[in-house]
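Breakdown of the fold
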Amino acid sequence: MRRYHVTTFGCQMNVHDSERIKGMLEGAGLGEAPDRDAADVLVFNTCTIREKADDRLVQHLHDARGRKERDPDLQVVVAGCWAESQREAIFREFPWVDAAVGPGRIGSLADAMRAEGDERGAFGSFDDFAADLPRRRERDFQAWLQLSMGCNSVCSYCIVPSVRGRERSRHPREVLAEARQLAAEGVTEIMLLGQNVNSYGRDLSPDERCTFAEMLRAVDAIDGISRIRFMSPHPKDMRGDVIAAMAESDAVCNQLHLPLQSGSTRVLKRMRRTYDQGRYLDLVARLRDAMPDIALTTDVIVGFPGESDADFEDTLDVYEQVGFDHAFTFIYSPRRGTEAAAFEDQVADEVKHERLERLVDVVQRHAAARNAALVGTTQEVLSEGPSRTDPGVFRGKTRGNKTALFTPAAPAGSVVSMVVEESTSQTLRGRILSPVVA
Ligand code: SAH
Ligand code: SF4
Ligand code: F3S
């Protein structure tokens, strides 16, 4: 039997797409190899969000070429956002690539692998939902559930709309049928996915319309689903109905990833984020009113074109005011074809790095303080089994999405109560009181 290995880069969308890729390859009769070296088919499911992602991938492709020179039967397959962005050049510049599919064409992967010439590439056409393909889930008790594909926003720094297409919402009947099926299979935690998950449903026809808030409530009502999370919401679409649905649905976790990008109104405007500093802070206040213990995480970009010292101070200031639980911090990376890449006031690299360092210090300080404040509390933890580094210690996630390390053992998938005894900026450590659900 030929064996495949999938390497996944990028965001949750790609992680989820990789489950579909694995499901398809297994449907085509392939087995999974334990690592790249043992595989006959190397699949790279790629990301192109920042230049670094591109560089890393090109390195992997060169390594694959080296292997293929020794083993001509090796197949090299490239899927995902980078493949889509290179659709014109990929077979010319990387002639050892055997097949390539964009994120809208995962369903064509097996055909592309059997094809010759141009047929080896399948791009564009974002009509098919990868969600309808077979899948291979990594964990029995957790699942991704795709609500929509693509993005209708026009953030001036972002390449995603050009590689994932316009936003298309999945029919609510299909989404809920999948959610019920997952619950029947024993899934207890669902992560709802979309590039802009809370604008879900706006493109559906009036007779089938379902808002994101209604979808949250409908998934909450499914027996067996005890944890619901979602990614990524856009602040502009975080309206009162969504906040109320979060607060009133028992299964929706007390956690939200709410990308800030910048704290400067001037920069936000040039980013085309469509909210300003005041609206973001007001939104946080309303979320905390409705859910006082909500854990907030965010994304921040430093060094966006034209970002002055004063703009960056605004970002630090908003960060201090909100006191996020954690953040992903990025140095602005110009992306081909995006509006901001053509702005003339690009920020010098050393300024970008200096700002990132300052921001990371603030992020770490707040992360440590937010976690320290949980010492002494009892948290519900969903066990993910033994920790990778120390099999005597178990790991899991709290409802607030914090990594929890605990003893004694509790099998993966079980829910336990943990008293938090120690914390760092990354983890909570504690002791299990009693299993809540075996
Ligand atoms: N759709 C999601 C995620 C988009 S990509 C959302 O809107 O939240 C994830 C993060 O990458 C973004 O939130 C942004 O902070 C960052 N990012 C996107 N484009 C970038 C670029 N050109 N340079 C640096 N960071 C970028
Ligand atoms: Fe990119 Fe903005 Fe869409 Fe997010 S909302 S994927 S940052 S264009
Ligand atoms: Fe990357 Fe595509 Fe996700 S560019 S961040 S894998 S949508």
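Up top you'll find the structure we're talking about.
Remember, it's a predicted structure, so these values are computed and weren't measured experimentally. Residue indices follow the written sequence of each chain, beginning from 1 at its first position. Chain A is the first chain written and ligand 1 is the first ligand written, with later ones labelled in order. Reporting in this predicted model follows two pLDDT cut-offs: at least 70 for local features of residues, and 80 or more for side-chain atom pairs to be given and counted; totals over whole chains, interfaces and linings ignore these cut-offs and use all residues. The side-chain numbers reported here are obtained from all heavy atoms of the structure, hydrogens and water having been left aside.

Comments concerning the overall build of the chain
What counts here: The helix and strand labels rest on DSSP assignments: H or I over at least four residues marks a helix, E over at least two residues marks a strand, and numbering proceeds from the N terminus. A radius of gyration in this sense is built from C-alpha atoms; the matching globule rule multiplies 2.2 Å by the number of residues raised to 0.38. Exposed residues in this analysis have more than 50% of their type's maximum accessible area, buried residues have under 20%, and partly exposed residues fall in between, with area computed by a 1.4 Å probe over protein chains only. Note on contacts: a residue pair qualifies if any of its non-hydrogen atoms lie within 4.5 Å across the two residues. Here, Shrake-Rupley sampling with a 1.4 Å probe gives the accessible areas, and only protein chains in the shown set may cover a residue. Charge counting treats Lys and Arg as positive and Asp and Glu as negative, with His and both chain ends excluded. In plain terms, the charge of a residue is placed at NZ if it is Lys, CZ if Arg, CG if Asp and CD if Glu.
Per the secondary structure count, the chain includes 13 helices and 19 strands. Rg of the C-alpha trace for the chain: 22 Å, near the compact-globule value of 22 Å for 438 residues, within the 12% margin. If you line up the chain on its principal axes, its C-alpha atoms span 60 × 55 × 50 Å. Expressed as a percentage of the 438 residues in the chain, the buried residues total 56%. Nonlocal contacts in the chain, meaning residues at least 24 apart in sequence, comprise 70% of its contacts between residues at least 6 apart. Surface summary for the chain: the accessible area is close to 18900 Å², and the carbon and sulfur share equals 49%. Side chains of the chain carry 56 positive and 68 negative charges; the gap between the two charge centres is 1 Å.

What about the nonpolar core?
Here is the rule we go by: What makes a nonpolar core is a set of buried Ala, Val, Leu, Ile, Met, Phe, Trp, Tyr and Cys residues whose side-chain atoms join them at distances within 4.5 Å. The split of the chain into domains comes from an automatic or database domain assignment.
Judged by nonpolar contacts, the single largest core of 66 residues is most densely connected at Leu-192, Leu-216, Met-246 and Leu-287. Looking at which domains feed residues into this core, each of domain 2 (137-253) and domain 3 (257-370) gives three or more. With residues near it in sequence (within four places) discarded, Leu-192 still touches Leu-145, Leu-147, Val-197, Phe-212, Leu-216, Val-219, Ile-228, Arg-229, Phe-230 and Met-231.

Section: the pattern of salt bridges
Heads up, the rule is: Here a salt bridge means any side-chain nitrogen of Lys or Arg lying within 4 Å of a carboxyl oxygen belonging to Asp or Glu.
Applying the stated criterion across every chain, the model contains 34 salt bridges. With its nearest N and O atoms 3.1 Å apart, the salt bridge here joins Arg-336 to Asp-54. Separated by 282 residues along the polypeptide, Arg-336 in the loop between β14 (326-331) and α13 (349-372) and Asp-54 in helix α2 (residues 51-70) bring together distant segments of the chain. Classification of Arg-336 by relative accessible area gives partly exposed; the value is 37%. Note that Arg-272 is salt-bridged to Glu-339, the shortest N-O span being 2.7 Å. One end of the pair, Arg-272, is in the loop between α10 (265-271) and α11 (277-290); the other, Glu-339, is in the loop between β14 and α13, with 67 residues separating them in the sequence. Under the relative-accessibility criterion, Arg-272 is labelled partly exposed at 42%. Among the ionic contacts, a cluster of salt bridges with common partners joins Glu-189, Arg-227, Arg-229, Glu-380 and Arg-399.

Considerations on the packing of aromatic side chains
In this description, an aromatic ring pair is defined by two values, namely the gap between the centres and the angle between the planes. Put simply, the test is: Pairing of aromatic side chains requires ring centres within 6.5 Å, counting the rings of Phe and Tyr and the six-membered ring of Trp. Pairs whose planes differ by under 30 degrees are stacked, by over 60 edge-to-face, and all others tilted.
Counted by the stated rule, this structure contains 10 aromatic pairs. Ring geometry for Phe-304 versus Phe-343: centroids 6.2 Å apart, planes at 85 degrees, classification edge-to-face. Highlighted residues: Phe-304 in the loop between β13 (295-302) and α12 (309-322) and Phe-343 in the loop between β14 and α13, separated in sequence by 39 residues. With relative accessibility at 0%, the residue Phe-304 sits in the buried group. Of the residues examined, Phe-343 reaches a relative accessible area of 17% and is grouped as buried. Taking the centre distance of 6.2 Å and the plane angle of 40 degrees together, the rings of Phe-394 and Phe-406 count as tilted. Here the residue Phe-394 occupies a position in strand β16 (residues 394-398), and Phe-406 occupies one in strand β17 (residues 403-407), the gap between them amounting to 12 residues. Classification of Phe-394 by relative accessible area gives buried; the value is 11%.

Some points on the site of ligand 1
The following threshold applies: Note on definitions. A residue lies near a molecule or strand when any single heavy atom of the residue is within 4 Å of it. Each polar contact in these results corresponds to two N or O atoms within 3.5 Å; when the atoms are within protein, one needs to be able to donate a hydrogen and the other to accept it, and residues that are neighboring in sequence are counted only if both atoms are side-chain atoms.
Surveying the vicinity of ligand 1 reveals 14 residues, the closest of which are Tyr-157, Gln-195, Gln-261, Asp-299 and Ser-333. One of the side-chain nitrogen or oxygen atoms of Gln-195 is found 2.8 Å away from a nitrogen atom of ligand 1. Between Asp-299 and ligand 1, the recorded distance is 2.6 Å, taken from a side-chain N or O atom to an oxygen atom. Surface burial for ligand 1 is 89%, taken as the share of its 540 Å² of free accessible area covered by protein chains. Residue assignment for the shell around ligand 1 shows that the elements contributing at least two residues are β13 and β14. Viewed by domain, the shell around ligand 1 spans two of them, domain 2 (137-253) and domain 3 (257-370), each represented by three or more residues.

Quick notes on the packing of α11 against α12
Selection criterion: Angles run from 0 to 180 degrees between N-to-C directions of axes, and those axes are lines fitted to C-alpha atoms, restricted for helices to the stretch in contact. Relative orientations are named as follows: roughly parallel for angles under 35 degrees, roughly antiparallel for angles over 145 degrees, roughly perpendicular for angles from 65 to 115 degrees, and oblique for any other angle. The nonpolar class holds Ala, Val, Leu, Ile, Met, Phe, Trp, Tyr, Cys and Pro. Asp, Glu, Lys and Arg form the charged class, and all remaining residues, Gly among them, are polar.
Packing of α11 against α12 brings their axes to within 11 Å, and their N-to-C directions diverge by 10 degrees. Taken as axis vectors, α11 and α12 run roughly parallel relative to one another. On the side of α11, the interface is formed by Gln-277, Tyr-280, Leu-281, Val-284 and Arg-288, while α12 contributes Asp-314, Val-318, Gln-321 and Val-322. The class makeup of the residues in the contact of α11 with α12 is 5 nonpolar, 2 polar and 2 charged.

A few points about the site of ligand 2
The local shell around ligand 2 consists of Cys-151, Ser-153, Cys-155, Tyr-157, Cys-158, Val-160, Pro-161, Gln-195, His-234 and Arg-273. Across the shell around ligand 2, the residue classes tally to 6 nonpolar, 3 polar and 1 charged.

Side note on the packing of helix α9 (residues 240-248) against α11
We count it as follows: Take the far helix as the reference: if the near one is turned anticlockwise from it by less than a right angle, the crossing is left-handed, and if turned clockwise, right-handed.
Across the interface, α9 lies against α11 with an axial gap of 9 Å and an inter-helix angle of 30 degrees. The orientation of α9 with respect to α11, classified from their angle, is roughly parallel. As for how α9 packs across α11, the hand of that crossing is right-handed. Facing Gly-240, Ile-243, Met-246 and Ala-247 of α9, the residues of α11 in contact are Leu-283, Arg-286, Leu-287 and Ala-290. A breakdown of the residues in the contact of α9 with α11 according to their chemical character gives 6 nonpolar, 1 polar and 1 charged.

Brief notes about helix α8 (residues 212-220)
Spelled out, the test is: Taken from the helix axis, the directions to the C-beta atoms give the arc we talk about.
Residues of α8 that are buried: Phe-212, Ala-213, Met-215, Leu-216 and Val-219. Each buried residue of α8 sits inside an arc of 160 degrees when the element is viewed along its axis, so together they form one side. Buried-residue contacts for α8 involve α7 (172-184), β10 (189-193), β11 (227-231) and α9.

Let's talk about the sheet that holds β13
We count it as follows: For two strands to count as paired, DSSP must find a minimum of two bridges between them.
Read from one edge to the other, the open sheet built from 3 strands follows the order β12-β13-β14, with strand pairing classed as parallel. The outermost strands of the open sheet, each flanked by one partner alone, are β12 (255-257) and β14. Sheet twist, expressed as the mean angle between neighbouring strand axes with direction ignored, is 10 degrees. Where β12 lies against β13, 3 bridges are found, and the strand directions are parallel. By the bridge assignment, His-257 is partnered in β13 with Thr-297.

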